[in-house]
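# Descriptive analysis of the structure
Read off the chains here:
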Amino acid sequence: MDKAKSYSISKHVVLKAFKRVKANKGAAGVDGESIAEFEEGLKNNLYKLWNRMSSGSYFPPPVRSVEIPKGDGSKRTLGIPTVADRVGQMVAKIYLEPKVESCFHSDSYGYRPGKSAKDAVGVARQRCFLYDWVVDLDIKGFFDNLDHELMMRAVRKHTDCEWLLLYIERWQKAPTRAVDGTLAHRDKGTPQGSVISPLLANLFLHYAFDEWMSRNYPDVLFERYADDIVVHCRSKKQAGRIKLEVKKRLHQCKLELHPEKTKTVCCRDEDRKENHPNKKFDFLGYTFRPRSAKSRHGKYFTGFLPAVSDKAVKRIRQVMRSWSIHRQSDLSIEELSQLYNPIVRGWINYYGQYYKSALRWTFNVFNRNLIRWAMRKYRKLKGHQRKATYWLGRIAVSQSQLFAHWRIGFQPTAGR
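Note that this is a predicted model, so its numbers are computed, not measured.

### Re the pattern of salt bridges
This structure, assessed with the given rule, holds eleven salt bridges. Across the pair E101 and R112 runs a salt bridge whose closest N-O atoms are separated by 2.6 Å. With a gap of eleven residues between them, E101 in helix α4 (residues 83-101) and R112 in the loop between α4 and α5 (117-130) connect regions that are remote in the sequence. In this pair, the class of E101 matches that of R112, namely buried. Of the charged contacts in the structure, one is a salt bridge between R215 and E211, with a shortest N-O distance of 3.8 Å. Here R215 and its partner E211 are both found in helix α9 (residues 197-216), four residues apart, which amounts to about one turn of the helix. You can call E211 partly exposed: its relative accessible area is 34%. A cluster of three or more residues bridged by salt bridges with shared partners is formed by D107, R127 and E223.

Below, the structure written as structure tokens:
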């Protein structure tokens, strides 16, 4: 370490941070520099970043603002830092995460080592069998409304490292640049899309919600994945009280529950009727509701179970349509498998964890496009949709490994 430097930051950690940023991929920031372009001058780029961070002279550039559509028709704003800034944030994360990780609640699952969204869904599934009521909490504009002063107070509980505090505060205040080039200065919020934001968001909600719940309602169980929260209650009365108290607590932390999206849900199955308007909720891409299922002993029953949500199905189908597989008649079916099967397998590994049969009809779009592809590629199938459907069905039976969804069951529905 250079004795003239104000802060002790390891060059090895900076290199490690770059490797993680590279593995995470991601788009270019306001400077237009891609990860590949940054890597062309890697040694010099990392040295400049280390030099500035170590001397206290590093100031984050503006964050590129990008709007992406949400399932409900609204838009979510993502903030994309430059590659160099993502590396700097990763350096801070590497230093800060070990200091805070051990204090986090066991039912906080988002962006944590060794925990996943599937874990959170599985625990919620088990608890819906045990508790008849759920409060499905939705925090209005969570990432956009995080209070900077409260955020820094939470960070200071875990570190007095001067450079960490300095740069986290600078990252919080870094302006965003819109598509038209206008700059917007921020006095609250943390950009979705930045490297450090998930860790800071977890830390904020640890004190705003997790620890507060443990202190005031130690017997009430919940699952939290970032700002997606499900609270399990024994009665409708308890659910109403929890909802009201959480609303007050978040108001103290300068946050607000979404009045339409936050709801109390009855989790009883159909064997125990309950006159309640809400009998389902979405959590991490799954819809929980009463469903027919088969027990280990072969008997059918109705349980409150998760399966892939309609929003997730719609999103998957939109992606599959965007591939335009039917236009790729220059490729073989094996080449199509190499291109798209890893993505299909990833969807099934996540959304097929529970109630996999609900996925069966989701992939009809893919099968229909493969049928259209076959009709373009093979002269004998041109104009013969039924023949092409049967041809593909035979392939699905004999070579089910080509596409992961074929193992769930091929649905020959070319005409639908």
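Alright, that's what it looks like, and here's the rest.
### Things to note about the sheet that holds strand β6 (residues 222-225)
Spatial ordering of the open sheet is given by β6-β7-β3-β8, a layout of four strands whose pairing is antiparallel. In this open sheet, the two edge strands, each paired with only one partner strand, are β6 and β8 (263-266). Each strand axis lies, on average, 15 degrees off the axis of its neighbour in the sheet, ignoring direction. Of the strand pairs in this sheet, strand β3 (residues 133-138) and strand β7 (residues 228-233) are connected by six bridges, and their pairing is antiparallel. Bridging from a neighbouring strand, W133 pairs with C233 of β7. Set on the sheet, α5 makes contact with β3, β6 and β7; between it and β6 the angle comes to about 160 degrees. Contacting β3, β6 and β7, α9 crosses the sheet at an angle of about 175 degrees to β6.

### Notes on the sheet that holds strand β5 (residues 183-184)
Strand order in the open sheet formed by four strands is β2-β1-β4-β5, and the pairing between neighbours is mixed. A strand with exactly one partner marks an edge of an open sheet, and here the two such strands are β2 (75-80) and β5. In the sheet, strand β4 (residues 176-177) pairs with β5 via two bridges, with the strands oriented antiparallel. Paired with R177 across the bridge in β5 is L183.

### So, the packing of aromatic side chains
A full pass over the atoms with the stated rule returns 26 aromatic pairs. Taking NZ or CZ as reference, K157 lies 5.4 Å from the ring centre of Y207, over its face. For R170, the ring lying beneath its charged end belongs to F59, and the centroid distance is 3.8 Å.

Cut-off values and rules
Residues numbered from 1 in each chain as written. Predicted model: local features only at pLDDT ≥ 70, side-chain atom pairs only at ≥ 80, totals over all residues. Heavy atoms only, no water. Salt bridge = Lys/Arg side-chain N within 4 Å of Asp/Glu carboxyl O. Helix = DSSP H or I, 4+ residues; strand = E, 2+ residues; numbered from the N terminus. Buried < 20%, exposed > 50% of the residue type's maximum accessible area, 1.4 Å probe, protein only. Pairing = 2+ DSSP bridges. Axes fitted to C-alpha atoms, helices over the stretch in contact; angles between N-to-C directions. Contact = heavy atoms within 4.5 Å. Phe/Tyr/Trp six-rings, centres within 6.5 Å; stacked < 30°, edge-to-face > 60°. Lys NZ or Arg CZ within 6 Å of the ring centre and 35° of its normal.

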